[in-house]
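# Structural characterization, general
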Amino acid sequence: MKIGILGTGNVGRALAGAWARAGHEVVLGSRRAAGFGPAPVEGVPVVDCASAVDGAGVVVNATPGTASVRLLTAIGAPALAGKVLLDVAVGFTEDDDLSHLGESLGEEIQRTFPDTRVVKTLCTIDRALMVDPASVEGPSTVFLSGDDAGAKRTVRALLTDLGWPEDALLDLGGIATARGQEHYSLLFIGIAQALGSYGFGIRVVPPVRG
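Residues numbered from 1 in each chain as written. Predicted model: local features only at pLDDT ≥ 70, side-chain atom pairs only at ≥ 80, totals over all residues. Heavy atoms only, no water.

### Considerations on the overall build of the protein chain
Secondary structure assignment for the protein chain yields 8 helices and 8 strands. Taking the principal axes of its C-alpha atoms as reference, the protein chain extends roughly 55 × 35 × 35 Å. Counting contacts in the protein chain only where the partners sit at least 6 residues apart, residues at least 24 apart contribute 69% of the total. Carbon and sulfur atoms form 53% of the exposed surface of the protein chain, whose accessible area is close to 9,900 Å². Here the protein chain contributes 17 positive and 23 negative side-chain charges, whose respective centroids are spaced 3 Å apart. (Helix = DSSP H or I, 4+ residues; strand = E, 2+ residues; numbered from the N terminus. Contact = heavy atoms within 4.5 Å. Areas by Shrake-Rupley, 256 points an atom, 1.4 Å probe, with all protein chains shown as cover. Lys, Arg positive; Asp, Glu negative; His and termini not counted. Charge placed at Lys NZ, Arg CZ, Asp CG, Glu CD.)

### Brief notes about the sheet that holds strand S3 (residues 46-48)
Hydrogen bonding along the main chain pairs the strands of a sheet, whether they run parallel or antiparallel. With mixed pairing, 8 strands are arranged side by side in an open sheet as S3-S2-S1-S4-S5-S6-S7-S8. The sheet is open, and its two borders are formed by S3 and strand S8 (169-173), each paired with just one other strand. Taking each pair of neighbouring strands and ignoring which way they run, the sheet shows an average axis angle of 30 degrees. Sheet analysis places strand S7 (residues 142-146) next to S8, joined by 4 bridges and oriented parallel. Looking at the pairing, Ser-145 lines up with Gly-173 of S8. (Pairing = 2+ DSSP bridges. Axes fitted to C-alpha atoms, helices over the stretch in contact; angles between N-to-C directions.)

### Concerning the environment of Ile-125
Along the chain, the position of Ile-125 falls in the loop between strand S6 (117-121) and helix H6 (127-130). Considering only alpha carbons, one finds Ile-125 and Ala-178, 53 residues apart in sequence, at a separation of 14 Å.

### Comments concerning a nonpolar patch on the surface
Taken together, the side chains of Leu-170, Leu-172 and Val-204 make up a nonpolar region of the molecular surface, amounting to roughly 210 Å² of accessible area. Structurally, the position occupied by Val-204 is in the segment after helix H8 (178-195). With relative accessibility at 40%, the residue Val-204 sits in the partly exposed group. (Patch = residues over 30% accessible without salt bridge, like charges linked within 9 Å, V, L, I, M, F, W, Y side chains within 5 Å. Salt bridge = Lys/Arg side-chain N within 4 Å of Asp/Glu carboxyl O. Buried < 20%, exposed > 50% of the residue type's maximum accessible area, 1.4 Å probe, protein only.)

### A word on a negative patch on the surface
Together, Glu-94, Asp-95, Asp-96 and Asp-97 make up a region of like negative charge exposed at the surface. Relative to the helices and strands, Glu-94 resides in the loop between strand S5 (84-87) and helix H5 (105-112).

### Things to note about the packing of aromatic side chains
Per the counting criterion, the structure on display carries 3 aromatic pairs. Ring geometry for Tyr-184 against Phe-188: centres 6.3 Å apart, planes inclined by 65 degrees, an arrangement best described as edge-to-face. Here Phe-188 and Tyr-184 lie together in helix H8, a separation of 4 residues that amounts to about one turn. Judged by its relative accessible area of 12%, Phe-188 is buried. (Phe/Tyr/Trp six-rings, centres within 6.5 Å; stacked < 30°, edge-to-face > 60°.)

### Quick look at the side chain of His-24
Within the secondary structure, His-24 is located in the loop between helix H1 (10-21) and strand S2 (25-30). A polar side-chain atom of His-24 sits 2.7 Å from a polar atom in the side chain of Asp-161. In contact with His-24, not counting residues within four places along its chain, are Met-1, Ile-3, Trp-19, Leu-158 and Asp-161. (Polar contact = N/O pair within 3.5 Å; in protein donor to acceptor, adjacent residues only side chain to side chain.)

### Looking at the pairing of strand S4 (residues 58-61)
Where burial is concerned, the two faces of S4 agree: the one with Val-58 and Val-60 and the one with Val-59 and Asn-61 are both buried. Where strand S1 (residues 2-6) meets S4, 4 bridges bridge the pair, whose relative direction is parallel. Following the sheet pairing, Leu-6 is matched in S4 by Asn-61. Pairing geometry for S4 and S5, over 4 bridges, is parallel. Pairing of Val-58 across the sheet is with Val-84, part of S5.

Laid out in structure tokens, this is it:
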């Protein structure tokens with residue numbers, strides 16, 4: 001399928017390269033595509049954001065969380081209607097606080113674009129682990145939040161294309177559960193500082209049965 005990734009930062013580039021290697025047609029969307037220069041990911045063109053969305057089966061929001069809704073609004077609700085939007089972003093203020101407290105960014109995007117099928121995922125891990133689940137010593141868990149079951153099936157398939165096994169994918173429920181994923185970012189930073197590395201995962205361990 002065609003995947004349009006909005007955002008040309010480290011996360012967008014990592015995902016673009018991994019999905020391109022998995023055989024998908026991938027484009028990176030940039031607000032400054034005209035003067036971008038050489039493509040940052042081999043074989044993945046950089047186009048303007050509207051062109052990245054056009055014809056894409058899945059749109060990935062890898063933009064700064066404080067700018068995401070504004071950028072999506074500029075693209076326009078009609079262009080996003082019916083599409084699966086995989087939201088990776090988390091918003092932080094200049095004081096390093098979460099920009100979304102009462103509701104998550106994922107919820108805001110879904111509320112603002114009711115005809116778009118939003119799925120929140122991958123925002124609880126570093127970009128390196130996103131595309132290389134075997135880079136840590138044990139299994140990790142990746143979460144999914146969204147109201148549309150079909151959209152979540154599509155996203156699950158894309159996560160398995162990144163190397164994530166089915167038993168690593170935990171469906172939390174509706175898009176309201178994205179709030180927990182985003183708020184975990186504060187704990188993620190604390191763990192990273194304690195370990196001296198962002199390259200770690202977390203694992204949900206179920207209770208002993210019997």
